[in-house]
Amino acid sequence: SIPQDDIEKPRVGIVGEILLKYHPDANRHLTDMILAEGGEPVLTDMTDFFLYCLDDSVLEQKFRRGSFLKSMVGKFFMGRIESLRRSMREALAGTRYMPIADFKELQSSVNGIVSLGEQAGEGWLLTAEMAKLLRSGIDNIVCLQPFACLPNHVTGKGMIRELLRTDPQANIIALDCDADASQVNQMNRIKLMLEIAKEKLAEQKIEAVN
């Protein structure tokens, strides 16, 4: 029932620290900026972050002698949440919208790239979200980095080179969202990214016609 037009636009995935990713004031209204420049912003499901937090206790018990009780509680709620998301997966199947991720698939997507033991900040989930976007055909990604957050710089910006190795067509940029960062500089980087994305989209249309 959501009204749509038939204009195909470059899709831009947004990942990063949880506040920067979803709060418009924190990311300087990044989604509005992408829309204004002719792109289509794409955000992954916030529920993945809650599942990631619940899974901490499971990994703690498995690898670091953590609490067995906490691990069982985490597994119970993770299973319950995943069961509730089945209807969402069924509703989105066959549509143009990005499918709801399976949490186990998210974990397996970072095998050989980053350890599941990397739990500081958004940890391995940040890398997994970029990998998920790329697998879903969304090659353009903005990775938002908070000021002085070393864990997110490692699993966000630090993983871009490895993701480009496995997917050289990817168009990924990292934006540092510091309080004194130049908004003009951020806008120019977004514009440049979208110009590249539009050129690639035009080339794909030509190839499809031929």
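Residues numbered from 1 in each chain as written. Predicted model: local features only at pLDDT ≥ 70, side-chain atom pairs only at ≥ 80, totals over all residues. Heavy atoms only, no water.

> Residue-level account of the nonpolar core, with values.
Within the largest apolar cluster, 30 residues are counted, with the highest numbers of intra-cluster contacts made by Trp 124 and Met 130. The leading source of residues in this core is helix α7 (residues 123–135), at eight residues. With sequence-adjacent residues up to four places away left out, Trp 124 is seen in contact with Tyr 52, Asp 55, Phe 103, Leu 106, Gln 107, Val 110, Val 114, Ser 115, Leu 116, Glu 118 and Thr 155. Counting residues in each nonpolar core, the second largest holds 14 residues, with Leu 20, Val 142, Ile 190 and Leu 194 among its members. (Core = buried A, V, L, I, M, F, W, Y, C linked by side-chain atoms within 4.5 Å. Buried < 20%, exposed > 50% of the residue type's maximum accessible area, 1.4 Å probe, protein only. Helix = DSSP H or I, 4+ residues; strand = E, 2+ residues; numbered from the N terminus. Contact = heavy atoms within 4.5 Å.)

> Which residues make up a negative patch on the surface, and what values go with them?
Side chains of Glu 195, Glu 199, Glu 203 and Glu 207 sit close together on the surface and give a patch of like negative charge. Summarising the element assignment, Glu 195 is placed in helix α10 (residues 183–209). The exposure class assigned to Glu 195 is partly exposed, which follows from its relative accessible area of 43%. (Patch = residues over 30% accessible without salt bridge, like charges linked within 9 Å, V, L, I, M, F, W, Y side chains within 5 Å. Areas by Shrake-Rupley, 256 points an atom, 1.4 Å probe, with all protein chains shown as cover. Salt bridge = Lys/Arg side-chain N within 4 Å of Asp/Glu carboxyl O. Lys, Arg positive; Asp, Glu negative; His and termini not counted. Charge placed at Lys NZ, Arg CZ, Asp CG, Glu CD.)

> Which residues make up the layout of surface pockets, and what values go with them?
The space that makes up the largest pocket amounts to roughly 760 Å³. Every residue lining the largest pocket is counted, 36 residues in all, and those nearest its centre are Lys 9, Arg 11, Glu 40, Val 42 and Arg 96. Contributing elements (two or more residues each) for the lining of the largest pocket: β2 (40–43) and α10. The residue inventory of the lining of the largest pocket, partitioned by class, reads 17 nonpolar, seven polar and twelve charged. (1 Å grid on protein atoms, 1.4 Å probe; cavity = no way out; pocket = protein on both sides within 12 Å on 5 of 7 lines; lining within 4 Å. Points joined across faces, edges and corners; volume = space filled by probe spheres on them. Nonpolar A, V, L, I, M, F, W, Y, C, P; charged D, E, K, R; others polar.)

> Can you lay out the side chain of Asn 140 for me, pointing to particular residues and giving the numbers?
For Asn 140, the position within the fold is in strand β3 (residues 140–146). Residue class for Asn 140 comes out buried when judged on its relative accessible area of 8%. In this structure the side chain of Asn 140 is engaged in a polar contact, spanning 3.1 Å, whose partner is the backbone oxygen of Arg 11. At a separation of 3.2 Å, a polar atom in the side chain of Asn 140 contacts the side chain of Asn 171. The residues contacting Asn 140, other than those within four sequence positions of it, are Pro 10, Arg 11, Val 12, Gly 13, Asn 171, Met 193 and Ala 197. (Polar contact = N/O pair within 3.5 Å; in protein donor to acceptor, adjacent residues only side chain to side chain.)

> I'd love a proper account of the side chain of Glu 17, names of residues and values included.
Checked against the element boundaries, Glu 17 lands in the loop between β1 (11–16) and α1 (18–22). No salt bridge forms around the buried Glu 17; measuring N to O, its nearest opposite-charge neighbour Lys 21 is 10 Å away. A polar contact is formed between the side chain of Glu 17 and the backbone nitrogen of Leu 19, at a distance of 3.1 Å. A distance of 3.0 Å separates a polar side-chain atom of Glu 17 from the backbone nitrogen of Leu 20.

> Pulling in residues and values, what's your account of the pairing of β2?
Because side chains alternate across β2, one face comprises the buried residues Glu 40 and Val 42, and the other comprises Pro 41 and Leu 43, none of which is buried. Summarising the sheet, β1 and β2 pair through four bridges and their orientation is parallel. Across the sheet, Gly 13 pairs through a bridge with Val 42, a residue of β2. (Pairing = 2+ DSSP bridges.)

> An account of the state of the cysteines is requested, with residue identities and associated values reported.
Applying the stated criterion across every chain yields a total of zero disulfides. Residue Cys 149 stays outside any disulfide, its sulfur separated by 11 Å from that of Cys 143, the closest cysteine. (Disulfide = S-S within 2.5 Å.)

> Which residues make up a nonpolar patch on the surface, and what values do they have?
Side chains of Leu 69, Val 73, Phe 76 and Phe 77 sit close together on the surface and give an oily, nonpolar patch of about 430 Å² of accessible area. Mapped onto the elements of the fold, Phe 77 is located in helix α4 (residues 68–84).

> Explain the sheet that holds β2 to me, using residue names and the numbers behind them.
One open sheet accounts for four strands, arranged β2-β1-β3-β4; its pairing is parallel. The sheet is open, and its two edges are formed by β2 and β4 (171–177), each paired on a single side. Strand-to-strand twist of the sheet, defined as the mean angle between neighbouring strand axes without regard to direction, takes the value 30 degrees. α7 contacts β1, β2, β3 and β4 of the sheet and is inclined by roughly 170 degrees relative to β1. The strands that α10 touches are β1, β3 and β4; relative to β4, the one it contacts most, it runs at about 170 degrees. (Axes fitted to C-alpha atoms, helices over the stretch in contact; angles between N-to-C directions.)

> Summarise the pairing of β1; cite the residues concerned and give the values.
Burial of β1 is extensive: five of the six residues sit out of reach of the surface. Bridge count between β1 and β3: five bridges; the pairing is parallel. Note that in β3 the partner of Gly 13 across the bridge is Ile 141.

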